[in-house]
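Here are the chains, one letter per residue:
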Amino acid sequence: MTDSQKVDAFLEKHVKWKKQFELIRAILEETELKEEIKWGAPAYTLNGKILLGFGAFKNHMGIWFHQGVFLKDTGNHLITGQEKTKALRQWRFEEGDEIDAERISAYVQETIENCLAGKEVKPQRTKISEVTIPPLLKNEFQKNPAFEAAFNTLSAGKRKEYANYIGEAKRAATQIKRLEKIIPMIQDGQGLNDKYKNC
């Protein structure tokens, strides 16, 4: 199935907003943006970067501008995304709201111009604070240098998860039990929560 067919299927699935989506899609088809499906919803890209997309909810639908922070938003249509999505802006529509093709087209064109000008908020990686090694783990390192070496090959995030797992146990018996559990996992290069990831 092509991306275009996947978008067709998305529209068929969201009957309530199909008319609005078709109008927005027609505007986007007049641009140089490439139509794709990302995370199960239509997305429009330029040079491999997602510029915008649209999606549906029970009581509203919306257009997401991935670098919307740079838009002038002269009509005050845009809503700020979550704290962790500093650049994202959403133009929300509820049932009965008019789709102003000319105004949407202006926002889309400005989005494209901003992309071509290199305007972009790049995600910042949060630094993992220094890992505090609990005494029980330190003692095990002294007894078993190979185990310490295996621990040090793990990413900072995985090391922190293991250190916290041991350090947060209140009772010494619980710490020892947890240590016995994680030694083979660390020696195999596994993270504490790897089995829950990528499911």
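One structure accompanies this document, and this report is about it. (Residues numbered from 1 in each chain as written. Predicted model: local features only at pLDDT ≥ 70, side-chain atom pairs only at ≥ 80, totals over all residues. Heavy atoms only, no water.)

The next point concerns the sheet that holds strand β3 (residues 49–56). Pairing is antiparallel across the open sheet formed by six strands, whose spatial order is β1-β2-β3-β4-β6-β5. In the strand order of this sheet, the two ends are held by β1 (34–38) and β5 (78–80), each with one partner. Direction aside, neighbouring strands of the sheet carry axes that sit 30 degrees apart on average. Inspection of the sheet shows strand β2 (residues 41–46) paired to β3 by four bridges, in the antiparallel sense. Counterpart to Y44 in the pairing with β3 is L52. (Pairing = 2+ DSSP bridges. Helix = DSSP H or I, 4+ residues; strand = E, 2+ residues; numbered from the N terminus. Axes fitted to C-alpha atoms, helices over the stretch in contact; angles between N-to-C directions.)

Looking now at the pattern of salt bridges. Evaluated as defined, the whole model comprises ten salt bridges. Ionic pairing is found between K49 and E120, a salt bridge with its closest N-O pair at 2.9 Å. Of this pair, K49 sits in strand β3 while E120 sits in the loop between α3 (101–116) and α4 (135–143), and the two are 71 residues apart along the sequence. With a relative accessible area of 39%, K49 lands in the partly exposed category. The partly exposed category is assigned to E120, whose relative accessible area is 32%. Each member of the salt-bridge network shares a partner with another, and the members are D8, R25, E29 and E35. (Salt bridge = Lys/Arg side-chain N within 4 Å of Asp/Glu carboxyl O. Buried < 20%, exposed > 50% of the residue type's maximum accessible area, 1.4 Å probe, protein only.)

Attention now goes to the pairing of β1. Bridging between β1 and β2 involves five bridges; their strand directions are antiparallel. Bridging from a neighbouring strand, K38 pairs with A41 of β2. Between β1 and β2, which follow one another and run antiparallel, lie two residues, and W39 among them has a positive phi close to 55 degrees.

The next thing to look at is the packing of aromatic side chains. Remark: the centre distance and the inter-plane angle together describe each pair of aromatic rings, the angle taken between the planes. Summed over the entire model, instances satisfying the criterion amount to ten aromatic pairs. When the centroid spacing of 5.5 Å and the interplanar angle of 20 degrees are considered together, the rings of W91 and F93 count as stacked. Just as W91 is buried, F93 falls in that class too. Measuring from centroid to centroid gives 5.5 Å for F141 and F147, while their planes differ by 45 degrees, and the two rings are tilted. (Phe/Tyr/Trp six-rings, centres within 6.5 Å; stacked < 30°, edge-to-face > 60°.)

In this section: the side chain of E110. Inspection of the secondary structure puts E110 in helix α3. Excluding anything up to four places from it in sequence, E110 contacts F70, L71 and K72. (Contact = heavy atoms within 4.5 Å.)

Burial in helix α5 (residues 145–153) covers these residues: F147, A150 and F151. Down the axis of α5, the buried set is contained in an arc of 100 degrees. They therefore lie on one face. In α5, the exposed residues that point more than 90 degrees away from the buried face are P145, A146 and T153. Against the buried residues of α5 lie α4, α6 (156–167) and α7 (172–187). (Arc of directions from axis to C-beta.)

You can see A41 is positioned in strand β2. Each C-alpha atom of the pair A41 and V7 lies 7.5 Å from the other, and the pair is 34 residues apart in sequence. Excluding residues that lie within four positions of it along the chain, A41 makes contacts with F10, E36 and F54.

In terms of burial, strand β4 (residues 60–65) is a largely internal element, six of the six residues being buried. Bridge count for β3 against β4 is five bridges, and the pairing is antiparallel. Residue pairing for β4: L52 is matched across the bridge by F65. Hairpin connection of β3 to β4: three residues between the antiparallel strands. Of the strand pairs in this sheet, β4 and strand β6 (residues 89–94) are connected by six bridges, and their pairing is antiparallel. Looking across to β6, one finds that F65 is bridged to R89.

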